[in-house]
Amino acid sequence: MKRSVYILLIMMAMVVVGCHQKTKQNPVVIVKDTVNKVEKADDATPLLAEQNVGALSDCDMVMLDRGKLFFYNTKTSAMTPCDVESDSVVNCAFVDNMLYYCVPEKGKMVLKSMQLDAPSLRPVKLADWGLDYEKCVTETYGTVSPLLYYPGHNALGLWHEFSWDSYALSQQKLYNLDTGEITDWNWEEWDREERARLEAKAEEQTEENYTFDPVRDELKEFLNEKEGNYWLVDGIEHVCLTDKIDFDKYVSDPDYATEREFEYISSSPDNLMVLYMAILEWGDYLHGVLCVSSVDGAVQMPLEDTDCSEYHAEWMDDGSLVYVGFEPLSSEKASKWDNSVPCVKRVFPNGSTKTIARCSEFQLRKQ
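Keep in mind that what you see is a predicted model, and the values were worked out from it rather than measured. (Residues numbered from 1 in each chain as written. Predicted model: local features only at pLDDT ≥ 70, side-chain atom pairs only at ≥ 80, totals over all residues. Heavy atoms only, no water.)

Participant: Is there a simple way to explain the overall build of the protein chain in this structure?
Facilitator: Secondary structure summary: the protein chain contains two helices and 25 strands in total. Counting only residues that meet the buried cut, the protein chain has 50% of its 367 residues in that class. If you take every contact in the protein chain between residues at least 6 apart in sequence, the share linking residues at least 24 apart comes to 53%. (Helix = DSSP H or I, 4+ residues; strand = E, 2+ residues; numbered from the N terminus. Buried < 20%, exposed > 50% of the residue type's maximum accessible area, 1.4 Å probe, protein only. Contact = heavy atoms within 4.5 Å.)

Participant: Help me out: how do you make sense of the sheet that holds strand 22 (residues 321-328) in this one?
Facilitator: The strands that make up a sheet are held in pairs by hydrogen bonds between backbone atoms, and each pair lies either parallel or antiparallel. With antiparallel pairing, the four strands of this open sheet are ordered in space as 21-22-23-24. Among the strands making up the open sheet, the edge pair consists of strand 21 (313-315) and strand 24 (353-357). With direction set aside, neighbouring strand axes in the sheet form an average angle of 40°. Both strand 23 (residues 340-347) and strand 24 contribute to a ladder of four bridges, which runs antiparallel. Residue pairing in the sheet places Arg346 in a bridge with Lys354 of strand 24. (Pairing = 2+ DSSP bridges. Axes fitted to C-alpha atoms, helices over the stretch in contact; angles between N-to-C directions.)

Participant: How do you make sense of the nonpolar core when you look at a structure like this?
Facilitator: Soluble globular proteins tend to pack their nonpolar side chains together in the buried interior. Counting 20 residues, the largest nonpolar core has Met109, Leu111, Trp129, Leu147 and Leu156 as the members making the most contacts within it. Every element with two or more residues in this core is listed here: strand 5 (91-95), strand 6 (98-105), strand 7 (108-115), strand 9 (124-132), strand 10 (147-150) and strand 11 (155-163). Per-element tally for this core: the top contributor is strand 9, with three residues. Among all residues touching Leu111, those that are not within four sequence positions of it are Tyr100, Tyr101, Cys102, Val124, Lys125, Leu126, Ala127, Trp129, Leu147, Leu156 and Tyr175. Tyr230, Ile245, Tyr264 and Cys291 belong to the second largest nonpolar core, which has 19 residues in total. (Core = buried A, V, L, I, M, F, W, Y, C linked by side-chain atoms within 4.5 Å.)

Participant: I would appreciate a short explanation of the packing of aromatic side chains in the present structure.
Facilitator: By the definition in use, this model includes 12 aromatic pairs. Where Tyr150 meets Trp190, the ring centres are 4.9 Å apart and the plane angle is 85°; that geometry is what we call edge-to-face. With Tyr150 in strand 10 and Trp190 in helix 2 (residues 187-204), the pair connects residues that are 40 residues apart, well separated along the chain. When the centroid spacing of 6.0 Å and the interplanar angle of 65° are considered together, the rings of Phe262 and Tyr276 count as edge-to-face. Taken together, the residues span a long stretch of sequence, with Phe262 in strand 17 (residues 257-267) and Tyr276 in strand 18 (residues 273-282) at a distance of 14 residues. For Phe262, a relative accessible area of 6% gives the class buried. Taking the relative accessible area as the measure of exposure, Tyr276 reaches 0% and is therefore buried. The structure contains a cluster of three or more aromatic residues connected by ring pairs, namely Tyr150, Trp159, Trp185 and Trp190. (Phe/Tyr/Trp six-rings, centres within 6.5 Å; stacked < 30°, edge-to-face > 60°.)

Participant: Sorry, what's going on with the environment of Asp117 here?
Facilitator: On the secondary structure map, Asp117 appears in the loop between strand 7 and strand 8 (120-121). Side-chain polar atoms of Asp117 contact the side chain of Asn97, separated by 3.1 Å. Looking at Asp117, its side chain comes within polar contact range of the side chain of Gln115, at 2.8 Å. (Polar contact = N/O pair within 3.5 Å; in protein donor to acceptor, adjacent residues only side chain to side chain.)

Participant: How do you make sense of the sheet that holds strand 15 (residues 229-234) when you look at a structure like this?
Facilitator: If you walk across this open sheet you meet the three strands as 14-15-16, and the pairing is antiparallel. Looking along the sheet, the strands with just one partner apiece sit at the ends: strand 14 (223-226) and strand 16 (237-240). Mean inter-strand twist for the sheet, computed between neighbouring axes without regard to direction, equals 40°.

Participant: I'm lost on the pattern of salt bridges in this one. Help?
Facilitator: Once the charged atoms of two side chains with opposite charge are near each other, the side chains can pair. With the rule as written, the count across this model stands at 14 salt bridges. For Glu105, the salt bridge is made with Lys125, and the minimal N-O distance between the two is 3.0 Å. With a gap of 20 residues between them, Glu105 in strand 6 and Lys125 in strand 9 connect regions that are remote in the sequence. A salt bridge links Glu327 to Arg358; its shortest N-O distance comes to 3.9 Å. Of this pair, Glu327 sits in strand 22 while Arg358 sits in the loop between strand 24 and strand 25 (361-364), placing them 31 residues apart in sequence. One salt-bridge network, held together by shared partners, links Glu85, Asp87 and Lys112. (Salt bridge = Lys/Arg side-chain N within 4 Å of Asp/Glu carboxyl O.)

Participant: Would you explain the state of the cysteines in this entry?
Facilitator: Within this structure, the stated rule accounts for zero disulfides. Just so you know, Cys102 is unpaired, no disulfide at all, and the nearest cysteine sulfur is the one on Cys136, 7.6 Å from it. Residue Cys102 is classed as buried on the basis of its relative accessible area, which comes to 0%. (Disulfide = S-S within 2.5 Å.)

Participant: What am I meant to see in the pairing of strand 17 here?
Facilitator: The two faces of the sheet receive side chains in turn, since in a regular strand these alternate between them. When strand 17 meets strand 18, the two strands line up antiparallel, connected through seven bridges. Within strand 18, the position partnered with Ala257 by the bridge is Glu281. Hairpin geometry of strand 17 and strand 18 is characterised by an intervening segment of five residues between the two adjacent antiparallel strands and by a positive phi of about 65° at Asn271.

Quick look at the structure:
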């Protein structure tokens, strides 16, 4: 389970990137083998030293495609390319009116920022992480470490040093947004803080407030596995969150099938929807599908184009879930080995889905 522990650690804050297109209206097309690939911008395209911010301050999502940044407004569906950064962007984090991102500069990872509520958009170099670019790339999927934001510490995190013991990047550098200081992540200290918080919360728990209250309680504490299903245990009531899903259809190889397990990932801002993984197979990594369910069990939705081994999903304030999935290529474009493209999709609380754009990474704006 080491891999899933790593996945849940990096879900403490969410990662980011996205997509490329020539106009605001047309969808972006990107193929699998370009994900997180470092490329120099097209020399024939002039890049500006500054860019008029205009409507960018209203954008609530940022995406990345082949080293280029794009801002997206989920209300108007307007996509605006960022023209001021000539270096190849490999990850980013959207915090309030600031966009933080990393670029490889002479083989080293460098942190930059742009302020969206300034009169014009201008890249600012903040720090050298002191890390080689290659140290921040996994040796399995070849993906670059996400740039993570930890609100409780007001810090950015960057993972590095791949380990075959965990099949993941094993160490992390932190950039303090208040002081500009870069330090190594102290896992033991953060673990003590979390344990103290949970112990203090447990002391407040009484029989009177055992019933789940979405305003007060953490949904995770009321979820349990039983007889191959996932349940919300609410006082004496038990609500099944998975009895409408046929999980057998998502097992790709019976030889690797395992006893079904469920693992909590996150809940919606109103605590009425839960995102979790259904673990169905084991190989080098755990495999299965991500699922979304409402706490009353009415909505039970497997995200069929996802896998537990590697994923990216974030909640919006209205209870929608944005995630990276896949869509099939048309038959004339499909190859024998690569017949789909990554897409950013949005799942609404009623279970309906909308494809935002064909791209591989994104991050929502954190207010």
